[in-house]
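Understanding the architecture of this molecule
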Amino acid sequence: MFRHTGSRSIIVRGLISLLIVFIALTACSTPQEEKKDAANKGNAVNTQTDKAAENDKEVKTSENETRVVKDFFGDVEIPVKPKRIAAIYLEDYLVTLGVEPVVQWYHPMWGKQEYLNLDVPPFDITGSIEALLDAEPDLIITDGFVDEAIYEKYSKVAPTFRMPDDILMSSSSDVLLKIADLIGEQEKAEKLVKDYEQQIVDTKSKLKAAIGEESVAVLRLNIGETDLNLLGIKNKFVGSILYKELGLTPPKMVADMEAFIETISMEKLPDLKADHIIILTSNGSWSSAENQESIKNLFDSPIWQSVPAIKKGNVYQVDRTYWQTGAFTANQLKIKDLEKVLLK
């Protein structure tokens, strides 16, 4: 009996001792685990902060990111996402893409492209580059008037891209797509080009039904002169869209032209034999006071009055500001004019 009772007491005391040790160990481990949890949470917060900082760095880097593209003169480094763009004589394309240029091309003799209705500082391409400097562009895009000397001058203001001749001499759609690529608006440009191509198809069909093979010529009245300019099939301002895209018939004199523009005297006018004549002024508008004498001399001329198209009332005065450029929006305005005067 004595031996049995002692064994039980020893077992009980042993269990109690183990319980005390377990409680002590548990009490000691809790603060350490809490510290460990706190450390883990702190590391997680730091990781998130680091990622946020990294993302912020990526955003800032992308804003300043550049790429190298090839223009007429060679490789040029331009911003991936330009914010302030000057497109000298190519403002039409920026406006088409919903981008306002920082300056607008201007020439003292020819003025500017009024049809764009821009409210930005004019940049006189015949004068100093002060207006361009003041505009602080981060990208300059130019057309073919820029030679190497002007290119170097512009390049000191901002990265300058001179459009390659093969693109400039192609269609307005190709120019639009190239400029869209330079400024990151490719998707918008592709949609615009697709809509334009459909517009050409529709208008071509309507014009064919309305006038068939009747010929159409485009003349420019040279203000202050006694002659006229005849614009040919190779003229990228009007020839490309009228004869190549819309399929209008040129009179023989135009069809035989090798040059994109020719000067003809008043005496040669009857030889034109066009069924329809579109005419624009070389400067100003049809209502400009300084143009009235030249306009009167032309329209009162017996030779002008003897031309069959004039006798039939098939002469149409148009706005030179968009008829003297082959840009994208300008071409759409030409289409509206043609629909207005030829789809009677």
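This text follows the structure it describes.
Anyway, here's the lowdown on the structure attached to this text. As the structure is a computational prediction, the values presented were derived from the model and not from experiment. For every chain, the first residue of the written sequence is number 1, and numbering continues from 1 along that sequence. Since the coordinates come from a predicted model, pLDDT governs what is reported: local features require at least 70, and pairs of side-chain atoms require 80 or more to be given and counted, while whole-chain, interface and lining totals use all residues. Side-chain measures here rest on the full set of heavy atoms in the structure, leaving out hydrogens and waters.

1. Description of the packing of aromatic side chains
Put simply, two rings from Phe, Tyr or Trp (the six-membered ring, in Trp's case) pair if the centres are within 6.5 Å, and we call them stacked under 30 degrees between planes, edge-to-face over 60, tilted for the rest. As enumerated under the stated definition, the model contains 8 aromatic pairs in all. Here the aromatic rings of tryptophan 286 and phenylalanine 299 are separated by 6.0 Å at their centres, their planes lie at 15 degrees, and the arrangement is stacked. Taken together, the residues tryptophan 286 in the loop between β11 (276–281) and α10 (292–299) and phenylalanine 299 in helix α10 connect sequence positions 13 residues apart. Each member of the pair, tryptophan 286 as well as phenylalanine 299, carries the same accessibility label: buried. Among the aromatic residues, ring-to-ring pairing joins Phe72, Phe73 and Tyr151 into one connected group. A helix here means a DSSP run of H or I that spans at least four residues, while a strand means a run of E at least two residues long, and both kinds are numbered starting from the N terminus. Only protein chains enter the area calculation, which uses a 1.4 Å probe; residues under 20% of their type maximum are buried, those over 50% are exposed, and those in between are partly exposed.

2. A look at helix α14 (residues 328–342)
Multiplying 1.5 Å by the helix residue count minus one yields the expected span of that helix. Over its 15 residues, α14 extends 21 Å from the first C-alpha to the last, a length consistent with the 21 Å expected when each residue adds 1.5 Å. Here α14 has its buried residues at Phe328, Thr329, Ala330, Asn331, Lys334, Ile335, Asp337, Leu338, Val341 and Leu342.

3. Topic: the side chain of arginine 320
Assignment of secondary structure puts arginine 320 in helix α13 (residues 320–323). We treat Lys and Arg as the positive residues and Asp and Glu as the negative residues; His and chain ends play no part in the count. Salt-bridge detection follows one rule: a side-chain nitrogen of Lys or Arg within 4 Å of a carboxyl oxygen of Asp or Glu. Aspartate 319 provides the closest opposite charge to the buried, unpaired arginine 320, separated from it by 6.0 Å. The contact partners of arginine 320, leaving out residues within four places of it in the chain, are Trp110, Leu280, Thr281, Ser282, Asn283 and Gly284. The contact criterion used throughout is that any non-hydrogen atoms of two residues lie within 4.5 Å.

4. Let's talk about the pairing of β11
Where burial is concerned, most of β11 is hidden: 6 out of the 6 residues are buried. Residues of β11 alternate between two faces, with His276, Ile278 and Leu280 on one and Ile277, Ile279 and Thr281 on the opposite face, all of them buried. A pair of strands is labelled paired if DSSP reports no fewer than 2 bridges between them. By the bridge criterion, 6 bridges tie strand β8 (residues 216–221) to β11 in an arrangement that is parallel. From the neighbouring strand, alanine 217 faces β11, where its bridge partner is isoleucine 277. Examined bridge by bridge, β11 and strand β12 (residues 315–317) share 3 bridges and lie parallel to one another. What sits directly across from isoleucine 277, in β12, is valine 315.

5. A closer look at the packing of helix α6 (residues 172–183) against helix α7 (residues 186–211)
Where α6 contacts α7, the axes come no closer than 8 Å and their chain directions differ by 165 degrees. The angle between α6 and α7 falls in the class roughly antiparallel. Crossing angle aside, the handedness with which α6 passes α7 is right-handed. Between α6, through Ser172, Ser173, Leu176, Leu177, Ala180 and Asp181, and α7, the contact on the second element is made entirely by Gln186, Ala189, Glu190, Leu192, Val193 and Tyr196. Charged residues are taken to be Asp, Glu, Lys and Arg, nonpolar residues to be Ala, Val, Leu, Ile, Met, Phe, Trp, Tyr, Cys and Pro, and polar residues to be all remaining types, Gly included. Class assignment for the residues of the contact of α6 with α7 results in 7 nonpolar, 3 polar and 2 charged. Between the N-to-C directions of two axes lies an angle of 0 to 180 degrees, each axis being a line fitted to C-alpha atoms and, for a helix, fitted only over the stretch in contact. Here the angle decides the label: under 35 degrees means roughly parallel, over 145 means roughly antiparallel, 65 to 115 means roughly perpendicular, and every other value means oblique. Note on convention: the crossing is left-handed when the near helix lies turned anticlockwise from the far helix by less than a right angle, right-handed when the turn is clockwise.

6. Concerning α10
One turn of an α-helix holds 3.6 residues; hence residues three or four places apart share an orientation. Within α10, burial applies to Ser294, Ile295, Leu298 and Phe299. Along the axis of α10, the buried positions cluster into a sector of 120 degrees, meaning they face one direction only. With respect to the buried face of α10, the exposed residues turned more than 90 degrees away are Glu293, Lys296 and Asn297. Comment: arc refers to directions from the helix axis out to C-beta atoms.

7. With respect to the sheet that holds strand β3 (residues 85–88)
The strand order across the open sheet built from 3 strands is β3-β6-β7, with neighbouring strands paired in parallel fashion. What marks the edges here is a single partner per strand, and that holds for β3 and β7 (160–162). When strand polarity is set aside, the average angle formed by the axes of neighbouring strands in this sheet is 15 degrees. Bridging between strand β6 (residues 139–142) and β7 involves 3 bridges; their strand directions are parallel. Bridge pairing in β7 links threonine 142 to arginine 162.

8. Re the pattern of salt bridges
Applying the stated criterion across every chain yields a total of 8 salt bridges. One salt bridge in this structure joins glutamate 213 and lysine 208, with 2.1 Å as the shortest N-O distance. Since its relative accessible area comes to 53%, glutamate 213 is described here as exposed. As a salt-bridge pair, lysine 268 and aspartate 271 come within 4.0 Å of each other at their nearest N and O atoms.

9. Quick word on the sheet that holds strand β10 (residues 261–265)
The strand order across the open sheet formed by 5 strands is β10-β9-β8-β11-β12, and the pairing between neighbours is mixed. Strands with a single pairing partner mark the edges of an open sheet, and in this sheet they are β10 and β12. Averaged over all pairs of adjacent strands, the angle between strand axes in this sheet comes to 30 degrees, irrespective of strand direction. In this structure, β8 lies alongside strand β9 (residues 227–231), joined through 3 bridges in antiparallel fashion. Each residue of the ladder has a partner; that of arginine 220, found in β9, is asparagine 229. α10 rests against β8, β9, β11 and β12 of the sheet, and its axis sits at about 135 degrees to β8.

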